[in-house]
Amino acid sequence: MSEVLYAKGVDLFYGKTPAVANAHISLFSGEVAAITGQSGSGKSSLLYCLAGVLPITRGDVYFEGCSLRSLDDEKLSTLRRERFGFVFQYGELLPELTIEENTALPLRLAGRRKGDALDAAGEILGRLGLADLRKRRPSQVSGGQSQRVAVARALVHKPAVVFADEPTGSLDSSNASAVLEEFLALARSQGSAVVLVTHDAQVAARADNRYTMSDGVLTAQMEEAS
Ligand SMILES: Nc1ncnc2c1ncn2[C@@H]1O[C@H](COP(=O)(O)OP(=O)(O)O)[C@@H](O)[C@H]1O
Ligand SMILES: [Mg+2]
């Protein structure tokens, strides 16, 4: 296993307000790290720093040993598009595209031909039990199904890291745990590491590494002796 993501002393300020203070995190390929903490504690802010979406104020984030701060905007956006996947609380599927077109989007953006991209989308949708929904639009599927499509889209290009911000936060608890289980199993099977932000301790319990966030301070949780 190799280290895919390493954050060293990351600070993020919104103006003069600190949102993340001196965060350190290390993630190896295929690992799942969960970050829990109360609303407003800085979880989303940290996630977007790690993903190179928000410009950090101090410290650095390294992806496969490469400093994100050393990359220009174009290189950074290529990296985000091709090596990272994202899942948000409300799937954020594009309403005018079908389920298979939504799923294929990361591959299309990376330049894959339409037929190949749709084949790969069909395969991952099949693994999530969604093959029959391929031709529908997002408005024609349930909440749980659309979060599964969001998971498929985040994983279809076999990203090195998937960043998930409350990925099951909009679902009822039985749906949430089923979607989460499928998400993590699929990510693990293809070696994609996951950074999972959640306020749900049961969700976090399924991660390899757990962190808590409080007032912008990230703390690694020690494993309990068994
Ligand atoms: N774009 C922004 N501008 C200013 N303050 C922000 C912005 N986004 C978040 N914050 C503040 O930063 C803190 C952390 O927010 P956030 O990262 O969204 O926390 P969480 O995801 O844990 O709920 C909060 O106090 C929030 O109000
Ligand atoms: Mg948040």
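## With respect to the sheet that holds strand S9 (residues 209-214)
Across a sheet, paired strands are connected by hydrogen bonds in the backbone, their directions being either parallel or antiparallel. Taken together, six strands build an open sheet; the order of strands is S6-S7-S8-S3-S9-S10 and the sheet is mixed. Either end of the sheet is taken by a strand with one partner, and the two such strands are strand S6 (84-87) and strand S10 (217-220). The average undirected angle you get between the axes of adjacent strands in this sheet is 20°. Relative to strand S8 (residues 193-197), strand S3 (residues 32-36) runs parallel, the two sharing four bridges. Bridging across to S8, Ala34 finds its partner in Leu196. Sheet strands in contact with helix H1 (residues 43-50) are S3, S6, strand S7 (161-165), S8, S9 and S10, and its direction is about 160° off that of S7. Along the sheet, helix H6 (residues 173-190) contacts S3, S6, S7 and S8; its crossing angle with S8, the most-contacted strand, is approximately 155°.

## Considerations on the sheet that holds strand S4 (residues 58-63)
Pairing within the open sheet is antiparallel, and its four strands lie in the order S2-S1-S4-S5. Looking at the sheet topology across the chains shown, the edges are occupied by strand S2 (17-28) and strand S5 (66-67). When strand S1 (residues 3-14) meets S4, the two strands line up antiparallel, connected through five bridges. Looking at the pairing, Tyr6 lines up with Tyr62 of S4. Across the sheet, H1 lies against S1, S2 and S4, angled at about 125° from S1, the strand it touches most.

## What about the site of ligand 1?
Taken together, Tyr14, Ala19, Gln38, Ser39, Gly40, Ser41, Gly42, Lys43, Ser44 and Ser45 make up the full set of residues adjacent to ligand 1. Gly40 places a polar main-chain atom, nitrogen or oxygen, 2.7 Å from an oxygen atom of ligand 1. A distance of 3.2 Å is found between an oxygen atom of ligand 1 and a backbone nitrogen or oxygen belonging to Ser41. Computed on the free molecule, ligand 1 has an accessible area of 560 Å², of which 52% lies beneath the protein chains in the complex. In terms of residue count, H1 provides more of the shell around ligand 1 than any other element does, three residues in total. Its residues placed into classes, the shell around ligand 1 shows two nonpolar, seven polar and one charged.

Definitions and cut-offs
Residues numbered from 1 in each chain as written. Chains lettered and ligands numbered in written order. Predicted model: local features only at pLDDT ≥ 70, side-chain atom pairs only at ≥ 80, totals over all residues. Heavy atoms only, no water. Pairing = 2+ DSSP bridges. Helix = DSSP H or I, 4+ residues; strand = E, 2+ residues; numbered from the N terminus. Axes fitted to C-alpha atoms, helices over the stretch in contact; angles between N-to-C directions. Contact = heavy atoms within 4.5 Å. Near = heavy atom within 4 Å. Polar contact = N/O pair within 3.5 Å; in protein donor to acceptor, adjacent residues only side chain to side chain. Areas by Shrake-Rupley, 256 points an atom, 1.4 Å probe, with all protein chains shown as cover. Nonpolar A, V, L, I, M, F, W, Y, C, P; charged D, E, K, R; others polar.

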